[in-house]
Amino acid sequence: MSLEAKLAVDRFAVDEESAHIRLADTSDVPRETLELLVRGCPAGLYRLNDDGSLDFDYAGCFECGTCYVLAHGTALAAWHFPRGEMGIEYRRG
Amino acid sequence: MAEDAFDAIIVGAGPAGSTAATVLARAGLDVVLIDRGVSAGSKNLSGGRLYTHALGKVFPDFVDQAPLERLITKERISLLTQESASTVEFASGKLGGHSASYSVLRAPFDQWLADQAEAAGASVITGIRVDDLLLRDGRVAGVVAGEEEMSAKIVLLADGAISLLARRAGLIGEPDPHHYAVGAKEVIQLGEEVISQRFGLAAGEGCAWVFDGDCTDGHIGGGFLYTNRDTVSLGIVTTIGDLGYSDVRVPEMVERLKRHPVVAPLIAGGTLVEYGGHLALEGGFDAVPQLVHEGALLLGDAAGLGLNTGYTIRGMDLAIESGRIAAETVIAAHGRNDFSAASLAEYADRLAESFVLTDLAFYRRFPKFLEDTRGMFTDYPKLAEDAMLSLFSVDGSKPEPITRSLRNAARPIGFGRLVRDLWRGLGAINGRASVAGALGGAAFRVRGTANRKGGTR
């Protein structure tokens, strides 16, 4: 079962108006840090491109904070929880 | 100064926040519990086992009332290699009574807890994200949510492992990746009967299972499986500071556990009903931040109260106890109308006397032991496999003495290292370091505020 299919089982209210996590300019961030983001995100939302640039999609985020711990202030320009009622809604937890 | 809107504002409707809200409301304090989720518990996720000793102190009838999944009567610990599982199992009706633990699912459980707070008279507000703490004259004076400011005599921060509010206000420092683990978990629907049959369980009884080794590909951490009533919670936890060890990604670790030959048949035919992720605390005693501030206390995960000994993994019972003690501290402070750190210092003192910090201090050296002992996740599962194979393999060749089999299995690790790791490991879970010494040494941190009477941060 693909990660995309797993996320499709979950309930999210995606905040189309504002991204709660924003990438910084990562050109000076060590590649190792970017790789850790790709490796650590349980929802697999970080992708490292062949040219070394980093992609991130906040839809599907569990708001767990792993990327905050790894890269707050380096690869991430902003990290907050989504606005009230937005984001993941666990029905089991 | 304007009249405070509330006696207490509690941020976060998890076990710590809802317990504190309940105890405060029962004492007649005007308290509001705020959670950013669409409902209480909708942002919360854990592996799924609650030790209930602390819950019973506040909610004596929880067994009949709370949405508990199964009473855990079967414990399993497995060392995994790719093909093998060396498992210790303990099944007993004695796993109950005062020490009972239950599998729980946090969305329904946390909702029930918040309902108890509301029934006791607390205002429960969901769907509101608190953005910042309201700071006034160097003390926490309330919270800021969007355009709105709400003031209170005290703010209880039960906002989870990151405690972004405490960080944004500068109450605690930057997070250390070695103090946090990332967890990923699936909830798989199998049906009540199927689970009871596959795990050999009586109705209402459950199994808690932890795994070490192959599932995390040697990363510090492990897997878990808890049987719920008609689902199983299955996942992995791995230390964030150890993600560099190999290139296996966290979601793939969950798949490794699911396809392990000892797990796969047990979940065959199941349907995924939820996939989620959350932080877990791994730093133990030394990662506990300053808990008492001018006009604010830290509770539960926000207070770093998590404990992983390898065979017991705890957070919710520590959170509930911290919620109760925080509330009782606030009630006393309310009587004095003094919410300074000096007046609130009793919170840290009482936590230090309670099982909460005593247990964390007892296992103080365990996180360091795991960080220093990669073999726990690589060589030792292999040692167990080799030893078991030599015990149980019958192929017509000449039997060899068990001592020689074990010696051969241990040879790749080296006898000296084996003894050293064993000694250190036993020490780390045996509380050889003085608990009193650990607590005394930490006094500057948890009690220091008491000496700054009326001071500001």
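**What to know about the overall build of chain A**
Then comes step 1: The helix and strand inventory of chain A stands at three helices and six strands.
Then comes step 2: The linear arrangement of helices and strands in chain A, starting from the amino end, is α-β-β-α-β-β-α-β-β.
Then comes step 3: Its C-alpha atoms put chain A at 40 × 30 × 20 Å along the principal axes.
Then comes step 4: Burial status across chain A gives 48% buried among its 93 residues.
Then comes step 5: Across chain A, contacts joining residues at least 24 apart in sequence account for 66% of those joining residues at least 6 apart.
Then comes step 6: Carbon and sulfur atoms make up 45% of the accessible area of chain A, which totals about 4300 Å².
Then comes step 7: Within chain A, the 16 negative side-chain charges are centred at a point lying 8 Å from the centre of the 9 positive side-chain charges.

**Examining the packing of helix H1 (residues 15-26) of chain B against helix H9 (residues 316-336) of chain B**
Angle between the axes and distance between the axes are the two parameters that describe a pair of packed helices.
Residue and element names in this part refer to chain B.
Then comes step 1: Interhelical geometry of H1 versus H9 gives an angle of 35° and a closest axis separation of 7 Å. For the crossing formed where H1 meets H9, the hand is right-handed. Between H1 and H9, the residues in contact are Pro15, Ala16, Thr19, Ala20, Val23 and Leu24 and Met316, Ala319, Ile320, Ser322, Gly323, Arg324, Ala327, Glu328, Val330 and Ile331, respectively.
Then comes step 2: Along the lines of polarity and charge, the residues of the contact of H1 with H9 split into 11 nonpolar, three polar and two charged.

**Quick look at a nonpolar patch on the surface**
Residue and element names in this part refer to chain B.
Then comes step 1: Residues Met388, Leu391, Phe392, Ile402 and Leu406 make up a contiguous nonpolar surface patch of roughly 520 Å² in combined accessible area.
Then comes step 2: Among the secondary structure elements, those contributing two or more residues to the nonpolar patch are helix H14 (379-392) and helix H15 (402-410).
Then comes step 3: Broken down by element, the residue count for the nonpolar patch peaks at three residues, all from H14.
Then comes step 4: Along the chain, phenylalanine 392 turns up in helix H14.

**What about the environment of Val130(B)?**
Then comes step 1: When you line up the elements, Val130(B) lands in the loop between strand S7 (123-126) and strand S8 (132-136).
Then comes step 2: Note on Val130(B): relative accessible area 8%, which makes it buried.
Then comes step 3: In this view, Val130(B) contacts His80(A), Val11(B), Ile34(B), Val143(B), Val144(B), Ala145(B) and Leu165(B); residues no more than four positions away in its chain are not counted.

**Side note on the pairing of strand S2 (residues 31-35) of chain B**
Residues and elements named next belong to chain B.
Then comes step 1: Burial of S2 is extensive: five of the five residues sit out of reach of the surface.
Then comes step 2: Every second residue of S2 is oriented toward a common face, with Val31, Leu33 and Asp35 on one face and Val32 and Ile34 on the other, all of them buried.
Then comes step 3: Note: strand S1 (residues 6-11) against S2, four bridges, orientation parallel. Counted as the bridge partner of alanine 8 is valine 31 from S2.
Then comes step 4: Once you follow S1 into H1 and on to S2, the crossover reads as right-handed.
Then comes step 5: With four bridges joining them, S2 and S7 adopt parallel strand pairing. Bridging across to S7, leucine 33 finds its partner in valine 124.

**Topic: the domain arrangement of chain B**
Then comes step 1: Taken domain by domain, chain B holds domain 1 (6-67 + 106-173 + 289-355), domain 2 (70-103 + 177-286) and domain 3 (367-429).
Then comes step 2: Using only C-alpha atoms to locate each centre, domain 1 of chain B and domain 3 of chain B end up separated by 44 Å.

**Some points on a positive patch on the surface**
Then comes step 1: The grouping of Lys398(B), Arg404(B), Arg407(B) and Arg411(B) at the surface amounts to a positive patch.
Then comes step 2: Mapped onto the elements, Arg407(B) comes out in helix H15.

**Some points on unusual backbone geometry**
Then comes step 1: Positive phi, close to 70°, is recorded for Glu85(A), a residue that is not glycine.
Then comes step 2: Among the structural elements, Glu85(A) can be located in the loop between strand S5 (76-79) and strand S6 (87-88).
Then comes step 3: With a phi close to 50°, Asp137(B) is a non-glycine residue in the positive phi region.
Then comes step 4: Tracing the chain through its elements places Asp137(B) in the loop between S8 and strand S9 (139-145).
Then comes step 5: By relative accessible area, which is 67% here, Asp137(B) ends up exposed.

**Overview of the packing of aromatic side chains**
Then comes step 1: Within this structure, the stated rule accounts for 13 aromatic pairs over all chains.
Then comes step 2: One residue, Lys6(A), lies across the ring of Tyr275(B), its end atom 4.8 Å from the ring centre.

**A word on the interface of chain A and chain B**
Then comes step 1: The interface of chain A with chain B comprises 37 residues on the first partner and 54 residues on the second.
Then comes step 2: Both faces combined, the contact of chain A with chain B buries some 3700 Å², and carbon together with sulfur accounts for 59% of it.
Then comes step 3: The largest per-residue losses of area from chain A upon contact with chain B belong to Arg39(A), Tyr90(A) and Arg92(A), which jointly make up 23% of the total buried on that side.
Then comes step 4: Scanning the region where chain A abuts chain B turns up four salt bridges.
Then comes step 5: Between Lys6(A) and Glu186(B) there is a salt bridge whose closest N-O contact spans 2.6 Å.
Then comes step 6: Taken together, chain A and chain B are joined by 21 residue pairs in polar contact (both at pLDDT 80 or more).
Then comes step 7: At the level of secondary structure, the elements contributing two or more residues to the side of chain A that touches chain B comprise helix H1 (3-9), helix H2 (31-40), helix H3 (66-71) and S6 of chain A.

The rules behind these values
Residues numbered from 1 in each chain as written. Chains lettered and ligands numbered in written order. Predicted model: local features only at pLDDT ≥ 70, side-chain atom pairs only at ≥ 80, totals over all residues. Heavy atoms only, no water. Helix = DSSP H or I, 4+ residues; strand = E, 2+ residues; numbered from the N terminus. Buried < 20%, exposed > 50% of the residue type's maximum accessible area, 1.4 Å probe, protein only. Contact = heavy atoms within 4.5 Å. Areas by Shrake-Rupley, 256 points an atom, 1.4 Å probe, with all protein chains shown as cover. Lys, Arg positive; Asp, Glu negative; His and termini not counted. Charge placed at Lys NZ, Arg CZ, Asp CG, Glu CD. Axes fitted to C-alpha atoms, helices over the stretch in contact; angles between N-to-C directions. Left-handed = near helix turned anticlockwise from the far one by under 90°. Nonpolar A, V, L, I, M, F, W, Y, C, P; charged D, E, K, R; others polar. Patch = residues over 30% accessible without salt bridge, like charges linked within 9 Å, V, L, I, M, F, W, Y side chains within 5 Å. Salt bridge = Lys/Arg side-chain N within 4 Å of Asp/Glu carboxyl O. Pairing = 2+ DSSP bridges. Right-handed = clockwise from strand over helix to strand, strands pointing away. Domains from an automatic or database assignment. Phe/Tyr/Trp six-rings, centres within 6.5 Å; stacked < 30°, edge-to-face > 60°. Lys NZ or Arg CZ within 6 Å of the ring centre and 35° of its normal. Buried area = accessible area lost by both parts, 1.4 Å probe. Polar contact = N/O pair within 3.5 Å; in protein donor to acceptor, adjacent residues only side chain to side chain.

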